[in-house]
Each structure stands twice: as structure tokens, then as C-alpha cells.
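So you can see what is in the structure, the chains are spelled out below.
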Amino acid sequence: MTEKVPSTARLLVRNFAGNLTGMFGLLVIFLIITSAIFAEEISGYNPNLMDGMSTSLSPSTDHLMGTDQLGRDVFSRVLYGGRNSILIGITASFLGNLIGTVLGAIAGYLGGRIDTVLIRVSELFMTFPQLVLVLIFVTIMGQGVSNVIIIFAITGWMTTLRLVRSEFLSLREEAFVEADRAFGFSKKRIIFRHLLPNTMSPIVVAFTINIAIYIIAEAGLSFLGLGVPVTTPTWGNLLSAAQAPVVVEQYWWLWVFPAVAIIAFVTGVNFVGDGLRDVLDPRQRTNAKNKTFLATLREKLFGSRKQTIE
Amino acid sequence: MSREIALTEPLYQAKGIKKYFPVTGGVLRRKIGEVKALDGVDLDIYRGETISVIGESGCGKTTLGRMLAVLQKPTGGELSFDFGDGLKNVVGLNRTEELAFRRRVQMIFQDPYTSFNPRQRVGAAIDEVLQVHGMKDPEERFSRIKESCEMVNMRVEYLQRYPHEFSGGQRQRLAIARCLAIKPELIIADEIVSALDVSIQAQIINLLRQIQRETGLSFVFITHDVAVARYVGHRIAVMYLGSVVEILPAGALPQNAEHPYTIALLSAVPDMNLQGKKKEIVLQGEVPSPIDAPSGCAFSTRCPYVMDICKIARPVLRLAYDTDPSHQVACHLEKPPIGA
Amino acid sequence: MKDVNVSFTVESSNLHILRDVSLQVPRGSFLCIVGESGCGKSVTAQAIVQLLPDNGRVDSGLISYYESGKATELNKLEKFGREMRSFRGAKIGMIFQDTLSSLNPAHRVGRQVAESLLQHQNLSKDEAKERVIELFRKLGIPDPERRFNAYPHEFSGGMRQRVMIAIATICEPDLVIADEPTTALDVTIQAQIMTLLKNLQKSAQRTFILITHNMALVSEVADHVAVMYLGRVVEYGSVDQVLRSPRHPYTQALLQSVPSLDADKSVELKTVDGQTPSPAEVTKGCEFAERCLFASDTCKDRVIPLMTFEGNHQVRCIRLDEKGNLPKPDKAGSNV
């Protein structure tokens, strides 16, 4: 037993590389995110530039996705819109997860009255239908990208809290936690350096799922005109163009492309989440001889060869 | 094993330890009863000795181990440890005092598979313990870790691995090394060999004896295996339903046991060599539940020698009939049952 | 069982779990199969009743069941076919270690026992219930009429094991296989159960196979002992032969690692270095050679034949001389 043991991180990466759904999802969102970041280079048009001469044109070589009623290039609006939607999705999910994790860790480990208080508060938030809560906050705080992010975070932290709290509740009884206490480790050390790393897997998976949820939520909100105002393009408010039946029928390029973008990105994120969930299963972690992506592909296409010993 | 045990001042003393767990029930979740896991336990542990604690499930030996390690507060009674000048209480200490106590009293758990953080390399785990106890110099920590590994026959290179890469026996050795690293004075071993194969168990037992020879540590060895308890310990404490019913020197087993439960326990132990020589006492019935412990002597419901007084008054530990000063029994019988 | 080989497929590689296992169990006798974890003793039991897990299979060999002059090759029968099923439960009873997971927690206990009876014999429900209650009484379950309707979790460990014994024996099987039935139980309860099992065997001249890792238990109940290591039977003989004059180095080591109640405390426990390897690591020669104090180079190369000594005491070791004694150890004995 003299081989160097790869670290957990390296094992995870290797295992994930062998997971077909995960890799596919990763590819998709990588493409979309890159195009969103390099929107200027790719599109060549200013998304807010209104060209009165080129209104409502269907897709062509000049305008890959056509133009809208105000002459704005749809392709660049989708790209820039992607930037904002993805930003909202990732940041809101991250923030919400952060709040939920910290509160969940405290509630789960300390228990007692703090736990009861936190649980009651989270239940209070959860009794309101999320849409209603969001609408209330939007009315109070106003619209805009950063506001939407904040609102999503403060209406969505509860699920992460429950997740982390239940993980902590069960981990708390584990023997190694007892051992830590027997060695005199402080509560802070136990929570942050021992318990939290062991709960990372469900947190990470929840993070990816929430990204998808928030993108769709933003889309729905902006579609209704309640999320981000139309001046800042997002996939959602691009879709809002489809409110008018005439658009749906005659100017399909105005809503189909944003819809496809949303579907592609959300599906990609879900695939990554699935892949992560498979890979982060503790049983897989011990498997050092995991296959590479190419090997998995080969096996799926050509069938595997059974190895026998002796 | 060192036979020089100072039978003067104990290193660690438990007096009248009670541990009750409330039982809640009903819609309003009120307390409807108590599980008396420990109901008045007295135990003195001396320097350099191994005291084995035996008993069957529900007797409270694991709870006793946890009380001694102060992982939870006892419901009643006193725990006192000798830090150097006399016994001092160790319950409800502040952070500095607690750390000083934990440096001296360590615990090894039963399940080797879960007592290490699965995401932490074992070397880092031991290193962390040293850091928490104030060793700031990494060089010093490393040499201490090396020393502990050598004591348990573990190669230092293996320390960069994760717990799941070791077998159960190796993990227990690592757990021992982790305790030894901070040079404790007392180690509480809670069923540490029960989950291991017999040959590995023998390795660990030999290791413990060797460590005791070399360092003069005290051990509290909790087990359900009577033969192992006798082999490992200098003295043996027998527990039944939350109290200690007999404390006797290991050599007094099996012939000079006096408590009826101990005698019955011994007769139930399958043994190759004592074939046909022992009288088999098959106990009737089962251990009563700790929620409704019988009044008087806990063993009165199953004792073949039960008398009226046994059902009313709880017997206390007193010197045994065989006049050995280190042998105590808690029984109303004046003389041990004949033919034992 | 003759030359039975079983392998498991784990993560697309084959692990050779049972290696040329041959056992003959005379009718009415009590055999104990002993070994540590990973030796294949449980797999042997599973192979007999064809209850190997999905990724396991019998690669070769014969498992034969003899009754009234007729031999049935059990491993050739279809796993869930009528004939095999008629063996399981009716002719071969099985007792498992973990009673909590072997009993259905959602069904009353009486029904689970009666189920076995109704499955294999033509009785009415009432007749079956009568028989179950009678058996409960015989097995020492107090208040049997009421306990018939209880659920598994309402019983203590020892009582649950009696229920399992009831299920295993209600159809009066000729062969009972018990896989570590008392490992999870307290010593005093273990004594009760073992007495019960021994009585069951003697009273009906049943054939018993007990699987355990506890040598001392073996000494109390067995007629014959088979010691297994890494899928191979390394020693076989009567209880006296194996326990009092063990010949195989592994058997000797096993016996020496367990302190007895009157062990000399000043003597170190003699133990074996290292731990049991995985089946994948050993493919040639004697499985125990790596850790054996008496091993020579040939031990690791050859297939080790079974040597028979007087009184049908079989040992699989080439280092024994004609009288069955081992040479002086080559490596220094170590204890840690």
C-alpha cells in the first residue's frame, strides 16, 4: 500500500468526470455562461439600441434571432439577459444558502431554545405562499436586479435551514463528534471544522437546484412585470413580450429564443445537480479506481468487458 | 503488568453517581417516567491499574464510561480527579479547567468505523488534538505523533490516509494513538474490541497491556466479555441494572465470586477448559427494564437466593466474606452461596 | 457439500469466496463451522439453501441432501422453484443472527410462524395456531396465547430469537442451520438459547449446523467442527480433536487468541500478525501462508491437499509430518 492517496477533492473531480449526465449539463451551462459573459464580442449589437428601421424582423443573418418591435436585436438581448438572469439565479441561491446554512448549523448543533425559535421563524415564513411573500417584498422594496436577489434570498433560506439542521441533528450523534468533545474541542471548532464539511454534499446539491428554481422564478416574476424592469433585459422580461397573443402567433422569435435559453440552462443545471448527487454519495468516495469520461462513454457505446480473477 | 498499585489515594473517584433519563410521552410530551441508567455508583480508580467493568446490556456500563469522561453531566453524585494535589471536582468546569481535565482523561469508543471524522486524514485528526491542547510548534507535534504511532505499531506514512482506508483493528490502534498523543493519565475504553475479530482483539489486548507496562497509565476497560475482562484488568467491577454489585480482584474470578449475579454470569460464559467442571445456573427470565427497576435489590427478581429483605432494602457495597480488602460485594447474604 | 466453489461479483470483478469446500454432515449430528469475518462461513450456509445474494453464484461443486436413500442435488434446483422452496422451511430450517431485520416488523409474530406451517402443510388456520402456541410454550416463551398476537418489537432480543427458532422448526425440519444466532445476545441469554438448541437437536435427532466465531460455544454443543479461513476449510474433526489437539496453524492461533476464564495473566496472548486478506489478494497456494509462522516457499505455490489423520481428523497443511505435528516456527512469534 505505497501509492499516494488522492485527496477527496481530486477523487470527486475524477468521479464527476465519469458521470455522463453531469458532464453534459456542465457543458451546456458552460456554453451559455461563456456566451453571456462575452456578450459584447459575440453579438455586436447594443441590446438597448433601437433601430427604427429594423423593427420586428424575423431571424436573418444580420440579426440571428431577429429584432423586436423597437428594433432591438433579440440575440444580444438574450445574451445580456442571460447575464442578468444567471446572475440573479446564482447570487440569490448562494445568499439564501448561506443564510440557511449558518442558521441551520446553529439550530442543529445547539438545539434547545435557539433551535425552537429558529424553527418557528422559518415556519412563519413558510406559511405564506412564496409568491405572496415575494410580491409583498417587491411592493415594499421596489423592482430591480439587486432587489430581486435580496428578496429571493430572504424568502428562500428556509429549505436550506431545514436541510442543514437535519443533517446536523443526525451528525451530532455520530461517534466522532463525541470523540471531539471528549478531546475538549470547542463547539465552534466542532461545528465549522468537523460538522459543516460533512454536510457540504447536500448543501451543494441544494445550491444547484436553487439556481434553477430562481431563474424560473425570476422569469415568472418578470413575465408578470413585477421582477426586473424592462430596461434591464432578463430572460423573464423578454418573455413578457409573449403576453400579447399576436406576438405568440406572428412574432415567434421574440419569445421562443428566451424560452429555449431558460429551458437549456435550467436543464443543464439540473443535470449537473444530478451528477453531483450521484458523485457525492459517500459510497462512491472510496472508489479510487473510477473510470474516466472517455472510458464511460466507450463502455456505454460498445459494452463492457468482464474482468475475472484467476 | 505492573503489580504496584498504590491502594492509597485514588486517581479518580466516583461517588454515588446517578444518571436518570426522562421519558416523555403523551400529547403534551410531559415527563412520565425515568430511565435509571445509573442508580448510585461508587468507584475508585487508582494509578497504574486497569479496572474492568463488566455487565450485560442495560446494566449501565457504557453510561458509566460517559459519566467518567464527563461527556454528559450526572444527575447526581460526585466525580473527583486528582490533578496533582488532592481530588477536585470535575463537573461544571470552566473552559481552561475542562481542557486540563480532558488532557488527562481520555476515551476510546466502541465503533472503530465512526469515531474518526470520515473527511479528515487521520494524521490531521491527531495533530488537531495536539493543537487544541496547546502544542504550538508543528515540529514538536510531529515528533509526539511519531512517538504515539510507534507505541501502537503504526507506520507514520499511513497517517496521510483517510479513516475508511483502514481496517477496524487498525482504526482502533489509531484511536489509541490519538489518545496517547497528549499523554493522558487515564483512558476509558468502551467496548473497544467487541466489534473486532478474535485475532485482532488479541492484538489490541496485548497492545494495551504493553502500553500500561511502558507508561503506567490507568485504564477503565468496559466490556461484556468476562474472560477478556479478567485477563486485562487488575480488578473487576460487575454491574447490574445501574449499580455495581461486586468489585473483585481479577484473580478471584471465577472461584471466589460472591454475588449471585456474578456467579450466574460466570456459569453462563461458555468456556472450553472449564467443561463439565462448573455448575450451570441458567437464569430464568430477563433483565427488568430500567424504567421500572425493582425496589430493593435490582437482582431480587431473578436471584435464586432471594430473601424478603432483598425486595425492600438496597444492599450497599461492603467487604467480601473472603476478607480480601480489595473485594467488595453488595448483597444481603452474609455468606456467599454454597457450591459456587 | 463436495468441492463447492462460490464467487461474488463486486464492481465487475469476481471474488472467489468459497474455495473447494467439502463437508459431510452425518444425520443427527451437530456441526459447527467456525471462522472469523470474511472466511465464508455464512456464505456456506447461504449456498446450501440457495439464498446467495444476487451477485453471487455457485461456480462448481455439488450440494446434496440425502433422505430415505434418495439424494437431491440442491444447487441444481431452480432457486425459487417449487422443489427448492419445499426444502426451505420444511426440510431445512434457518435461524439468522439479526432478528430485528429477519422478522417482518409489520406482522404479528404468530402469523409469521404460522405462515411457514401453512405454506408447507395442509392445515387449517386454527390448527396452525394451535401448533404455534404449543411450540411457543415448548420453547419457553411465556404467556404464549397472548404472545401469538404480539409484534416483533415487543419482544426482547432473546425472546425474538426464540420466535425465529419457532419459525425454523415448526415444520419439523431434519436439518437446521443457525447463523450466529446468539452473537447479538447477552451471555446469560446466550446460555439459555444454546441450551434450547442443544435440546432441540437431541430430542428429535435433528442435524444441526451452527455457524459462529466463538470457539468456546463450539466446545459446548458441537459434535464436529470445521474451521474456515478465506473460503477454505482448513481443519475438520470431532470437537475433541480440533479443540484439544488442533493441527492447523490457524486453528492453533485462533484458540490461543481467546483468553479463557482461568488463563494465566502473566502469559501474553499468542496472536497472528496482520489481518485476513481480501479474497482478491490470494489466488495461489495456501491462503494463510502470508501470516503463518510455519510457512515455507512451497506453501505459497501449490494447491494444498487435505491430509487425513486418525479418526478422520482432516487438516489442510503441508507442513505437518506423518504424526501430524508442526515443525519449529520459522519466523519469530510476535504478539502485536
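Refer to the structure presented above.
What counts as what
Residues numbered from 1 in each chain as written. Chains lettered and ligands numbered in written order. Predicted model: local features only at pLDDT ≥ 70, side-chain atom pairs only at ≥ 80, totals over all residues. Helix = DSSP H or I, 4+ residues; strand = E, 2+ residues; numbered from the N terminus. Contact = placed C-beta atoms within 7 Å. Pairing = 2+ DSSP bridges. Axes fitted to C-alpha atoms, helices over the stretch in contact; angles between N-to-C directions. Nonpolar A, V, L, I, M, F, W, Y, C, P; charged D, E, K, R; others polar. Left-handed = near helix turned anticlockwise from the far one by under 90°. Core = buried A, V, L, I, M, F, W, Y, C linked by C-beta atoms within 7 Å. Buried ≥ 20, exposed ≤ 12 C-beta atoms within 10 Å, placed from the backbone.

Asker: Just to check I follow, could you spell out the environment of Thr114 of chain B for this structure?
Answerer: For Thr114 of chain B, the position within the fold is in the loop between strand 6 (105-108) and helix 3 (122-132). Sequence separation of Thr114 of chain B and Pro163 of chain B is 49 residues, and the distance between their C-alpha atoms is 8.8 Å. The residues contacting Thr114 of chain B, other than those within four sequence positions of it, are Glu174, Ala175 and Phe176 of chain A.

Asker: Hey, could you run me through the sheet that holds strand 4 (residues 56-62) of chain C in this one?
Answerer: The strands making up a sheet associate through hydrogen bonds between their backbones, and the pairing can be parallel or antiparallel. All names here are of chain C. Here we have 3 strands laid out as an open sheet, ordered 2-1-4, and antiparallel in their pairing. Single-partner strands in this sheet number two, and they are strand 2 (13-21) and strand 4. Each strand of the sheet is rotated relative to its neighbour by a mean of 15 degrees, with strand direction disregarded. In the packing of helix 1 (residues 41-48) onto the sheet, contacts are made with strand 1 (2-10), strand 2 and strand 4, and the angle to strand 2 comes to roughly 80 degrees.

Asker: Explain the interface of chain B and chain A to me, please; I cannot follow it from the model alone.
Answerer: When the parts come together, some accessible area is lost, and that loss is often what is quoted as the size of the interface. Counting residues at the interface gives 21 residues for chain B and 16 residues for chain A. Elements with a minimum of two residues in the side of chain B that touches chain A: helix 2 (95-104), strand 6 and helix 3 of chain B. By residue number, the principal contributor to the side of chain B that touches chain A is helix 2 of chain B, which donates 3 residues. Here the side of chain B that touches chain A is built from residues that sort into 8 nonpolar, 7 polar and 6 charged.

Asker: When you look at the interface of chain C and chain B in this model, what are you seeing that I'm missing?
Answerer: Contacts between chain C and chain B engage 36 residues on the former and 38 residues on the latter. In terms of residues, the side of chain C that touches chain B owes the most to one element, helix 8 (residues 187-204) of chain C, which gives 6 residues. Per-class residue counts for the side of chain C that touches chain B are 15 nonpolar, 15 polar and 6 charged.

Asker: What's the story with the packing of helix 4 (residues 74-110) of chain A against helix 9 (residues 187-223) of chain A in this structure? I'm lost.
Answerer: Axes are the key here: two packed helices are described by the angle between their axes and the distance separating the axes. Residue and element names in this part refer to chain A. The contact between helix 4 and helix 9 brings their axes to 7 Å, and the two run at 145 degrees. In the crossing of helix 4 with helix 9, the sense of the turn from one axis to the other is right-handed. Listed contacts from helix 9 to Ser85, Ile88, Gly89, Ile90, Ala92, Ser93, Phe94, Gly96, Asn97, Thr101, Ala105 and Tyr109 of helix 4 are Lys187, Ile191, Leu195, Leu196, Ile203, Ala206, Phe207, Asn210, Ile211, Tyr214, Ile215 and Glu218.

Asker: Help me understand the nonpolar core in this model?
Answerer: Counting residues in hydrophobic clusters, the biggest one holds 193 residues, and the most contacted among them are Val220 of chain B together with Val225 of chain C. The leading source of residues in this core is helix 7 (residues 157-169) of chain C, at 7 residues. In contact with Val220 of chain B, other than residues within four places in its own chain, are Ile45, Ile51, Val53, Gly65, Leu68, Leu186, Ile188 and Ala189 of chain B. Residues Ala153, Leu163, Leu195 and Phe265 of chain A belong to the second largest nonpolar core, which totals 61 residues.

Any functional reading would require information beyond the geometric quantities listed.
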